[in-house]
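What the coordinates show
Here is what each chain is made of, one letter per residue.
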Amino acid sequence: MEAVTLSQVAQAVGGALLGDAAPSSPASNVCIDTRKLVEGDLFLPLAGERVDGHVFIDQAFEKGAAAVFTARQPERLLPGKGYILVEDTAPIPVTLATWYKKGFDIPFIAVTGSVGKTTTKDMVAAVLSEKFSTHKTLENHNNTLGVPLALLKLKPEDQVSVIEMGMNHTGEIDFISALVKPQIALITNIGDAHIENLGSREGILAAKAEVFAHMPADGVAILNGDDELLMTLKGKVKQKIITCGASPYNDYFVSDLDRDLATDDLHCTLHTPTATVELTIPAVGDYMIYPVLMAAAVGEQLGMTVEEIARGVLRYAPTKMRMNVVDRGAQVRILDDSYNANPQSMRAGLQTLAATQRDFKIAILGDMLELGPLGPSLHATIGALTAETHINCLVAIGELARHIAKAAEDAQVPQVYWFETKEEALPTIAKLVEPGSAILVKASRRMAFEEIVQYLVSITPEK
């Protein structure tokens, strides 16, 4: 956040500035977690399920907070400290972000979809960074709280902003889009993620399409042209539609896709409506063509040349736990895709593992959540896919993952193990890892499979 004064913040949120801190005192960041607070931050206490953030106000001051928001009249005002008294702290992120965003007359790009939002956001930001000072959503700040906090990270020098939008219920994209008001919106695909809450893939499509109501008529919708459901939006939205995909009937597509056997980088020819260019994509997995194509479409919309786009692609680096490649001793490669999982991303992960240049391929897979009654059958589908992709060994963890293991056994995957918990699985995992292994680690966020990645990094192959 650009340095603003306490009096400006108080006025923006309709609060009263208390205490003897100077009204002109600067603040450059809003923090909701005292563990991450740095000196000069504004601390915003929010009420959680178990604890109210107001109990951490004194701790925030001890760590150097410039001031704190509070919905409670302080019993005493600490000397030299600032307090912004408001009726309720919950609306503050949106209220403050709405006010702050008005100072930025720049293009805002929204990225949503069932699978690949973060990867696409990172790729778009990488490409745009070749020409522009680019702001993007950090970490997992893609929901109704995270997006306002992300917007408060905008800096005066930023020339374009790439905002990731997540959701698991109807109305959330509508809420976020009303705040962001994007000029360009990307939808990566429509899958089964959150189908438990939204009822069907058609329901998921409708929820994602809420973004278009908050875009200008001359805005641009960039869609995965290989997704049949997304293509039903043609003629139904007022914005111009650009399609991206593997097939040449799309506006943006690639040809001559090839993998570097030494690095697993991808090489291809990018075709846009105006030009072609040779590309190197510094990432594993054929699915990476979709983020690249969408980034190219955004780049051209903002006046970039294909040569600039090609250089921008080389800037790409994945967000933590999103298909991060961890190479360690004894030619062991770990594909850390542990942040989240649904059937579509599981399929992409297994295909990437299958294409990895290692002799022994292990899939460590956990529960995929929020699939409702379809959960058992969708997990079984993943188990069958481990056989189709010729995975050597499956370690399935979790109650729903039992269906992955059963289907893999039925499909005669050579080695199949099932465990109820991560802790039970670790001794077996340690014995399985051998020199020349490639290991995919993937499950829904609540499974916390990053702990397995940390364990894999720490052990030495026994064989």
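Residues numbered from 1 in each chain as written. Predicted model: local features only at pLDDT ≥ 70, side-chain atom pairs only at ≥ 80, totals over all residues. Heavy atoms only, no water.

**As for the sheet that holds strand 4 (residues 30-31)**
Two strands in a sheet stick together by hydrogen bonds in their backbones, pointing the same way (parallel) or opposite ways (antiparallel). Definition in use: Pairing between strands is defined by DSSP: at least two bridges between the two strands are required. Segments assigned H or I by DSSP are reported as helices when at least four residues long, segments assigned E as strands when at least two residues long, and all are numbered from the N terminus. Whether two residues touch is decided by their heavy atoms; if any such pair falls within 4.5 Å, the residues are in contact. To obtain each axis, a line is fitted to C-alpha atoms, and for helices this fit is confined to the stretch in contact; angles are then taken between N-to-C directions over 0 to 180 degrees.
Read across the sheet, five strands follow the order 2-7-6-5-4 without closing on themselves; strand pairing throughout is mixed. Of all the strands in the sheet, the pair left with one neighbour each is strand 2 (16-19) and strand 4. Where strand 5 (residues 42-43) and strand 6 (residues 67-70) come together, two bridges link them in parallel fashion. Pairing of Phe43 across the sheet is with Val68, part of strand 6. Lying over the sheet, helix 1 (residues 6-13) contacts strand 2, strand 5, strand 6 and strand 7 (82-85), oriented at roughly 10 degrees with respect to strand 7.

**Considerations on the pairing of strand 15 (residues 266-271)**
What counts is decided by this rule: Categorising residues by exposure relies on relative accessible area from a 1.4 Å probe, with only protein chains included: less than 20% of the type maximum marks a residue as buried, more than 50% marks it as exposed, and the intermediate range marks it as partly exposed.
Buried residues dominate strand 15, accounting for five of its six residues. Between strand 14 (residues 253-259) and the antiparallel strand that follows it, strand 15, lie six residues; Asp264 among them carries a positive phi value of about 70 degrees. When strand 15 meets strand 16 (residues 276-281), the two strands line up antiparallel, connected through six bridges. Each residue of the ladder has a partner; that of Leu270, found in strand 16, is Val277. Between strand 15 and strand 16, which pair antiparallel in sequence order, lie four residues.

**Thoughts on the packing of aromatic side chains**
Note the threshold: Note on aromatic contacts: the rings of Phe and Tyr and the six-membered ring of Trp form a pair at centre separations within 6.5 Å, being stacked when their planes are under 30 degrees apart, edge-to-face when over 60 apart, and tilted otherwise.
In the structure shown here, the tally under the stated rule is three aromatic pairs. Each ring, one from Phe61 and one from Tyr83, has its centre 5.2 Å from the other, and the planes form 70 degrees; the classification is edge-to-face. Residue Phe61 is located in helix 2 (residues 57-62), and its partner Tyr83 is located in strand 7; the two are separated by 22 residues in the primary sequence. Grouping residues by exposure puts Phe61 and Tyr83 together as buried. A ring pair is formed by Trp99 and Tyr100, whose centres lie 6.5 Å apart and whose planes are at 45 degrees; its orientation type is tilted. Judged by its relative accessible area of 5%, Tyr100 falls in the buried class. Counting every residue linked through ring pairs, the aromatic cluster contains Trp99, Tyr100 and Phe104.

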